[in-house]
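# Close look at the chain arrangement
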Amino acid sequence: MPAIGLQAAEFRHGPLEIARPGLTALVFAGEHPVRELNHKLWVELQAKGMKALWVEPPGDGLPSDGFLAMPDASGIGLPLAEIVPVQLLCVHLCLELGQTPGQFRYIEKVTTDQ
């Protein structure tokens, strides 16, 4: 199950082409200077048929459909509040799929490759 983290502007420079039904995106509201840009991406992804989930702390006048609450944080704590729940979700998904979280399937140490 491939996943990648991108800023909203980065997503528009290529990866937007993969937007289609059957894919899911977590769009984080982020700090106030980028909130509007991120919200536009969320709306655009839904219009393209993706399951796009809007992620931010509760109580900010958010849409009820496609909303995931996250811990309230700001400043340097915001990236931690955003990523830790996603990492825990990834661990759960790996276990559900019978995989070992953090175990690579194809990558080896460069020093062992000849």
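Notes on the structure in this doc start here. Note that this is a predicted model, so its numbers are computed, not measured. (Residues numbered from 1 in each chain as written. Predicted model: local features only at pLDDT ≥ 70, side-chain atom pairs only at ≥ 80, totals over all residues. Heavy atoms only, no water.)

### Here's the deal with a nonpolar patch on the surface
On the surface, Leu26, Leu68, Leu89 and Leu93 cluster together into a nonpolar patch covering about 280 Å² of accessible area. Locating leucine 68 in the fold gives a position in strand 3 (residues 67–69). Residue class for leucine 68 comes out partly exposed when judged on its relative accessible area of 36%. (Patch = residues over 30% accessible without salt bridge, like charges linked within 9 Å, V, L, I, M, F, W, Y side chains within 5 Å. Areas by Shrake-Rupley, 256 points an atom, 1.4 Å probe, with all protein chains shown as cover. Salt bridge = Lys/Arg side-chain N within 4 Å of Asp/Glu carboxyl O. Helix = DSSP H or I, 4+ residues; strand = E, 2+ residues; numbered from the N terminus. Buried < 20%, exposed > 50% of the residue type's maximum accessible area, 1.4 Å probe, protein only.)

### As for the sheet that holds strand 1 (residues 24–28)
Read across the open sheet, the three strands follow the order 1-2-3; overall the sheet is parallel. Either end of the sheet is taken by a strand with one partner, and the two such strands are strand 1 and strand 3. Sheet twist, expressed as the average angle between the axes of neighbouring strands with direction ignored, equals 30°. Relative to strand 2 (residues 51–56), strand 1 runs parallel, the two sharing five bridges. Across the sheet, the residue bridging to alanine 25 is alanine 52, located in strand 2. (Pairing = 2+ DSSP bridges. Axes fitted to C-alpha atoms, helices over the stretch in contact; angles between N-to-C directions.)

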